[in-house]
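Residue-level structure breakdown
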Amino acid sequence: MDRYVSQLIEKLAEAEASPTPEPDFGNSYEDFAEAMFAIETEDPVAAEYVINVSFDELPPEDGLTDQQIQNLTIALVNALAAKGTHVSFPMNGTPGRLVYAELRKRLKDGLQTFPGWNIDFCDGWCPGCAFFDYCDSWQNTWTKEEIETERTKMKEDSE
């Protein structure tokens, strides 16, 4: 598996080495509005067309060592940054295995080719968030009781 992970990291490094240039928003409001519309309506493309590695090529976290996960995550984040997509996640002791697993999931649906996107793993639904135990944002809008009630409902609905 070490050789395979090294090959993936090499492919990601190639993507990182050819960053996406900053967009030209033109010189008028109309040019800017047209560029924004193009960004907002662009359909995602397969990850391999943006960062040289597809979702299917990335092994699930349970088949990787902690070091492989760390190396792959760093390579993924760097390749995405070079292509104009910023990645952020809670930093309160979040396990690398969880970060990699969630980042890998995000790649399944494809990526935007236009720079300026942010993957922050937050959709606002704290009870279902994989990072709940490592993020304090929920405290701004939820009580612990509300979270537990919603999590109980979600568990009952899935059974």
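Residues numbered from 1 in each chain as written. Predicted model: local features only at pLDDT ≥ 70, side-chain atom pairs only at ≥ 80, totals over all residues. Heavy atoms only, no water.

Before going further, it helps to examine the pattern of salt bridges. Summed over the entire model, instances satisfying the criterion amount to five salt bridges. With a shortest N-O distance of 2.6 Å, Lys11 and Glu57 are connected by a salt bridge. Highlighted residues: Lys11 in helix H1 (residues 2-17) and Glu57 in the loop between helix H3 (47-51) and helix H4 (66-82), separated in sequence by 46 residues. Residue Lys11 is classed as partly exposed on the basis of its relative accessible area of 27%. (Salt bridge = Lys/Arg side-chain N within 4 Å of Asp/Glu carboxyl O. Helix = DSSP H or I, 4+ residues; strand = E, 2+ residues; numbered from the N terminus. Buried < 20%, exposed > 50% of the residue type's maximum accessible area, 1.4 Å probe, protein only.)

This part covers the packing of aromatic side chains. Applying the stated criterion across every chain yields a total of five aromatic pairs. Between Phe132 and Trp138, the aromatic rings sit 5.2 Å apart at their centres with planes inclined by 40 degrees, giving tilted as the arrangement. According to the relative accessible area criterion, Phe132 is buried, its value standing at 5%. On the basis of relative accessible area, Trp138 is assigned to the buried category, the value being 13%. The ring of Phe132 has Arg151 sitting right over it, with the charged end atom 4.3 Å from the ring centre. (Phe/Tyr/Trp six-rings, centres within 6.5 Å; stacked < 30°, edge-to-face > 60°. Lys NZ or Arg CZ within 6 Å of the ring centre and 35° of its normal.)

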